[in-house]
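Structure at a glance
The residues making up each chain are set out below.
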Amino acid sequence: MGQDIPVSRLKSTAEIHPSSSPNPSPKPEAADIIVAYLEQLGVEYVFGVPGGAIEPLFNALARSARRGGPRIVVARHETGAAFMADGYARNSGRLGVCCATTGPGATNLITGVASAYENHIPLLVITAQTALASFGRGAFQESSCTGVNIVGMFEYCTRYNTLVSHPDQLEPKLSAAIMAAFQTPVGPSHISLPLDLLRSPATVAAPSYDLANLLQADKVYDPEAIAVLKEELAQARGVVFVIGEGAGEAIGTLLEIAFAIRAKIITTPHGKGFVSPYHPLFCGVIGFAGHTSAIQALLDPNVDTVIAVGTALTESATDGWNADLILNRRLIHIDAIESNLTKSPMARLHVRGHLASIFDELARRMKAADIYSLVPPKNELRQEQSKPPRVAQLRRLPNVELEDAAKHEDDSTPIKPQRLMYDLTRLFPPNTHYLVDTGNSMTWAIHYLHPHDRRLAGRRDTKGSIFWTPLEFASMGWAIGAAVGAALAKPGTPIVCITGDGSVLMSGQELTVAIEQELTVIFIILNDSALGMVKHGQRLSGAEPIGFQLPRVDFAALAGALGAQGLIIESPADLEALDIHTLCARRGPTVLDVRVDPDEVPPMRSRIRILGPAQGRSQS
Ligand SMILES: Cc1ncc(C[n+]2csc(CCOP(=O)(O)OP(=O)(O)O)c2C)c(N)n1
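Heads up: these notes are all about the structure in this document. (Residues numbered from 1 in each chain as written. Predicted model: local features only at pLDDT ≥ 70, side-chain atom pairs only at ≥ 80, totals over all residues. Heavy atoms only, no water.)

**Points about the side chain of K490**
Its place among the elements puts K490 in the loop between α17 (478-489) and β15 (495-500). One polar contact links the side chain of K490 to the main-chain carbonyl oxygen of N91, over a distance of 2.9 Å. (Helix = DSSP H or I, 4+ residues; strand = E, 2+ residues; numbered from the N terminus. Polar contact = N/O pair within 3.5 Å; in protein donor to acceptor, adjacent residues only side chain to side chain.)

Here is the structure:
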């Protein structure tokens, strides 16, 4: 089973010829063929860091850029390159591509690749090796199986992983890698290419494989299971839909069905960006930093059917595998990924297949059986759509219960993170895309950031989310690189990266890529001079208060030194005074160094409960 990629972006083999450049290389090399395949797929950018062994790929990308083909975006650190490719893939629906040189370049990629693996992001990861003849002879940065074995290191975070050791292997292995990246379960593929092989003359003049054709998504589903599902819905007393990370492709029809049968809707943290929080049936997020209203929706004694769609039912999506909520006999689990279905042995029904096709078929059958006619959903939905929530209405989320909701309106200085999240929602345009980093950012944003997405139903572009996090791998710094990739994928769309001071001190150098590429990214740094999630985690669990302090850093000044606009925000009034329209229109990033109240306790109690009590601190 595969993932839809935007076919309009694919180029036919005839259009792509490595030697058709206005300034052609006299003899196309193997690296030119790799780039030609990327162009066939509509890939615009390769994210990476240069080095000796990967040089032929950079040369090919230079040739490609000159004729308007895919071009290199140089990251500052290879993990940043992988995060950028991840953000690009999530927001374009295309293949994310990153590359690194042999040895330390390749090892630096691993965290970013592992993150994409855990989140099912389609990446092509290209690393170089020293020349084939040097293997086993102690070459500088040798990374073959007789050196620091790079292919070995990528084994556990890729769907396809190989060293190309002969020019004739290149096309079949490259095509297999790209196809594996898009096959369910989607994820990164890694190919490792020796320097001499990258430089060798191309064995073909143009790509032999038509990947546009081979990558057409397999739209298979089980019609019998859908028939049972339709019956279940017809008989159900009360239904709750749980929307997960994979539900994006089906979300329009899914919401229409939910509306028609008056099902309640909750999302996992990953599903948050698919559903407008102002949807009249939305009850909040379940799991990590989620809402009690979502828990209450599941505990409602009238609910006899819980339909989880496109979710791996992980710890963070199930409130720590809480059997009272999702994981019980009320569950119907609908998914394209087999391994996700193995997480729900207690489900009374599994429906497996291409999610968009399943929901289209279910809607068709429900209409045919007049199940839709119980309510006039279309009219009501149209009415809702014609009345998008206006800014003044944002204070009222119809069915989402927030912890400490009054803090939304707290005017005090330093600004409360709750107030910050509320104001971002209020001040930024509705089409803003949010990338939220590991740390307290994630807890505050999952709980309190409610973008006024005007789409209540209907088709979405690509995967359609406007809110992304790196849960489950949860690497610090992900959002900084991913925001760069997102901005390149979606020019003209405001991109907001919410991150912590610790994450910026770890991975903030990628800000200079946003400057260089003149990207409209607003970096919002929750500056609390601490690894805040660690600090609050220690406080809540009674652990030793150790290792969380960070130096006081003026990130606005740092941004200025790097060449970006940097502003300090200390109070709600400072935020209100910003000209958001100008920030979202200007070429180049803006850094908001937000001095948040460091003592506000983030909504992370469920995480603390799951981690268990600390042994560390005496309670005296
Ligand atoms: C690469 C990495 N190292 C360590 C951790 C563990 N960790 C999770 S959150 C966190 C603190 C994050 O601090 P900061 O970026 O300042 O955000 P804050 O929580 O203060 O908002 C740490 C160290 C991690 N998730 N990823």
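**Let's talk about helix α1 (residues 30-40)**
Burial within α1 is extensive, with 11 of its 11 residues counted as buried. Of the positions making up α1, those classed as buried are A30, A31, D32, I33, I34, V35, A36, Y37, L38, E39 and Q40. Residue G42 follows α1 closely and has a positive phi angle near 80°. (Buried < 20%, exposed > 50% of the residue type's maximum accessible area, 1.4 Å probe, protein only.)

**Overview of the nonpolar core**
Taken as a class, soluble globular proteins show a tendency for nonpolar side chains to be buried jointly. Formed by 75 residues in total, the largest nonpolar core has its most connected members in F241, F359, L420 and M421. Excluding residues within four positions of it along the chain, M421 makes contact with W444, A445, Y448, L449, I498 and L526. Formed by 53 residues, the second largest nonpolar core is a distinct cluster that contains A82, L435, W468 and L519. (Core = buried A, V, L, I, M, F, W, Y, C linked by side-chain atoms within 4.5 Å. Contact = heavy atoms within 4.5 Å.)

**Some words on the pairing of strand β1 (residues 45-48)**
Neither face of β1 is exposed, since Y45 and F47 on one face and V46 and G48 on the opposite face are all buried. Each parallel crossover has a hand, and the one from β1 via helix α2 (residues 55-66) to strand β2 (residues 71-74) is right-handed. Alignment of β1 against strand β3 (residues 96-100), held across 2 bridges, turns out to be parallel. In the strand pairing of β3, G48 is matched with C99. (Right-handed = clockwise from strand over helix to strand, strands pointing away. Pairing = 2+ DSSP bridges.)

**So, the sheet that holds strand β14 (residues 467-468)**
If you trace the 6 strands from one edge of the open sheet to the other, you get β14-β13-β15-β16-β18-β17, paired in parallel fashion. The sheet terminates laterally at β14 and β17 (565-569), the two strands that pair on one side only. Of the pairings in the sheet, the one linking strand β16 (residues 521-527) to strand β18 (residues 590-595) comprises 6 bridges and is parallel in character. Residue pairing across strands places F523 opposite V591, the latter belonging to β18.

**A few points about the packing of aromatic side chains**
The geometry of an aromatic ring pair is captured by the separation of the ring centres together with the interplanar angle, meaning the angle of the planes. If you walk through the whole model with that rule in mind, you get 4 aromatic pairs. Taking the centre distance of 6.2 Å and the plane angle of 40° together, the rings of Y45 and F47 count as tilted. Chaining the aromatic ring pairs together yields one cluster made of Y45, F47 and Y88. The ring of F259 has R262 lying over it, and the distance from NZ or CZ to the ring centre is 5.0 Å. Over the ring of F467 we find K272; its NZ or CZ atom is 5.2 Å from the centre of that ring. (Phe/Tyr/Trp six-rings, centres within 6.5 Å; stacked < 30°, edge-to-face > 60°. Lys NZ or Arg CZ within 6 Å of the ring centre and 35° of its normal.)

**As for unusual backbone geometry**
The linkage connecting T184 with the following residue, P185, adopts the cis geometry, with an omega of 0°. For P185, the location among the structural elements is in the loop between α6 (170-182) and β6 (189-194). Positive phi is not limited to glycine here, since A289 has a value of about 60°. The topology assignment puts A289 in the loop between β9 (282-285) and α11 (292-299).

**Some words on the environment of A176**
On the secondary structure map, A176 appears in helix α6. Given the relative accessible area of 27%, A176 is considered partly exposed. Distance from A176 to L211, taken between C-alpha atoms, is 9.8 Å for residues 35 residues apart in sequence.

**Section: the environment of R396**
Structurally, R396 is set in the loop between α14 (377-386) and α15 (417-427). For the pair R396 and Y278, spaced 118 residues apart in the sequence, the C-alpha separation amounts to 8.4 Å.

**Quick look at the pattern of salt bridges**
Per the stated rule, a full pass over the model turns up 26 salt bridges. In this structure, E29 and R63 form a salt bridge, with 3.7 Å as the shortest nitrogen-oxygen distance. Placement of E29 in the segment before α1 and of R63 in helix α2 is noted, with a sequence separation of 34 residues between them. On the basis of relative accessible area, E29 is assigned to the buried category, the value being 19%. Judged by its relative accessible area of 13%, R63 falls in the buried class. (Salt bridge = Lys/Arg side-chain N within 4 Å of Asp/Glu carboxyl O.)

Without other data, these values stay purely geometric and don't point to any function.
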